[in-house]
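Chain by chain, the residues run as shown.
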Amino acid sequence: MGAFELIEKKRYDEFCSLYFQKSHLRKEQAECADLMPGNYVMALIGARQYKSLISFCLETIAEIRKSSIKIDRSSSNFFIALSIGYFQLKKYSEALQALRDGSRAAYQDRPRTQTPAILYCEAAMLNDKQAKQESKKLLNTRLRNKNLSSPEFAAAGFLVGKCSEEEMLAQINTYPPFLLERAKVQALFYMAIKAFEANDFDRYAEHLKNACDLYKSAPIVTLEFEYHLAEIYFSKI
């Protein structure tokens, strides 16, 4: 079994232990190749080890900044994970700031919309109007002069009201199969957030459950922050 399969099988604690023991060997031994920091943060989120998640992300961000004097190598993934850790420990101002910082990271998802989308989510959950406006401004900036019919911009367009649920789902259905389920879990999660904003808690729960249920047919969704957030929020209903 490859190390990533532990995440796909939700054996998060085992992955974390293996990372701690053997991550230094990932460039030398093929069986350790999946023991990468990005996979580790997903495992920490899955295992609900939020204090360890925060410590690891802070250390990693500090190391990247120290080694990035000439070239910025910062990754938004660690800021998103840091924010999730803070948010779940009810350190809300720190959570929002982590996403603000992450929105300026050099390396992000290709459309550069995931960080502001998760900022939108946290702002909605907190009913923080200022943070929501910040997220919408960032999203609209990312969408400017882009082909809004492209599936990679569908979720962002939905959050700022440029397309409906049905249009968003139709857009992401143009993805090839190996990307479709990952995009679908994101879409369902953001549909849940919009339902929460509208005080439609039945639809909120339904969308979260549908997002969680995608795991049954596509364990690869464990690679997405939105999948883990859907699980976390659904567990609290």
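Coordinates for the structure precede this section.
Here the structure is a predicted model, which is why all the values come from computation and not from measurement.

Calculation notes
Residues numbered from 1 in each chain as written. Predicted model: local features only at pLDDT ≥ 70, side-chain atom pairs only at ≥ 80, totals over all residues. Heavy atoms only, no water. Phe/Tyr/Trp six-rings, centres within 6.5 Å; stacked < 30°, edge-to-face > 60°. Helix = DSSP H or I, 4+ residues; strand = E, 2+ residues; numbered from the N terminus. Buried < 20%, exposed > 50% of the residue type's maximum accessible area, 1.4 Å probe, protein only. Lys NZ or Arg CZ within 6 Å of the ring centre and 35° of its normal. 1 Å grid on protein atoms, 1.4 Å probe; cavity = no way out; pocket = protein on both sides within 12 Å on 5 of 7 lines; lining within 4 Å. Points joined across faces, edges and corners; volume = space filled by probe spheres on them. Nonpolar A, V, L, I, M, F, W, Y, C, P; charged D, E, K, R; others polar. Core = buried A, V, L, I, M, F, W, Y, C linked by side-chain atoms within 4.5 Å. Contact = heavy atoms within 4.5 Å.

### A closer look at the packing of aromatic side chains
Taken as a whole and assessed by the stated rule, the structure comprises nine aromatic pairs. When the ring of Tyr19 is compared with that of Phe56, the centres are 5.9 Å apart and the planes differ by 90°; the resulting orientation is edge-to-face. One end of the pair, Tyr19, is in helix α2 (residues 12–22); the other, Phe56, is in helix α4 (residues 50–67), and 37 residues separate them in sequence. Judged by its relative accessible area of 13%, Phe56 falls in the buried class. Residues Phe189 and Tyr190 carry aromatic rings whose centres are separated by 5.3 Å and whose planes lie at 65° to one another, so their mutual orientation is edge-to-face. In this structure, Phe189 and Tyr190 share a single accessibility class: buried. Each residue in the set Tyr19, Tyr40 and Phe56 is aromatic and connected to the rest through ring pairs, giving one cluster. Note that Lys10 overlies the ring of Tyr215, its terminal NZ or CZ placed 4.1 Å from the centroid.

### Focus on empty space enclosed by the protein
To find the voids left in a structure, one rolls a probe of water-molecule size over its atoms. Overall, the coordinates contain one cavity of 30 Å³ or more when judged by the stated rule. Estimated volume of the largest cavity: approximately 30 Å³. Looking at the largest cavity, the residues that line it are Ile84, Phe87, Gln88, Ile118, Cys121, Glu122, Leu229 and Tyr233. Secondary-structure elements contributing two or more residues to the lining of the largest cavity are α5 (76–88), α7 (114–126) and α13 (225–235). Across the lining of the largest cavity, the residue classes tally to six nonpolar, one polar and one charged.

### Examining the nonpolar core
Among the nonpolar cores identified, the biggest contains 81 residues, and Phe15, Leu53, Met168, Phe189, Tyr190, Phe225 and Tyr233 are the most heavily contacted of them. If you tally residues by element for this core, the top one is helix α11 (residues 177–197), at 10 residues. Residues within four places of Tyr190 in sequence aside, it is in contact with Gln114, Ala117, Ile118, Ala155, Phe158, Leu159 and Glu226.

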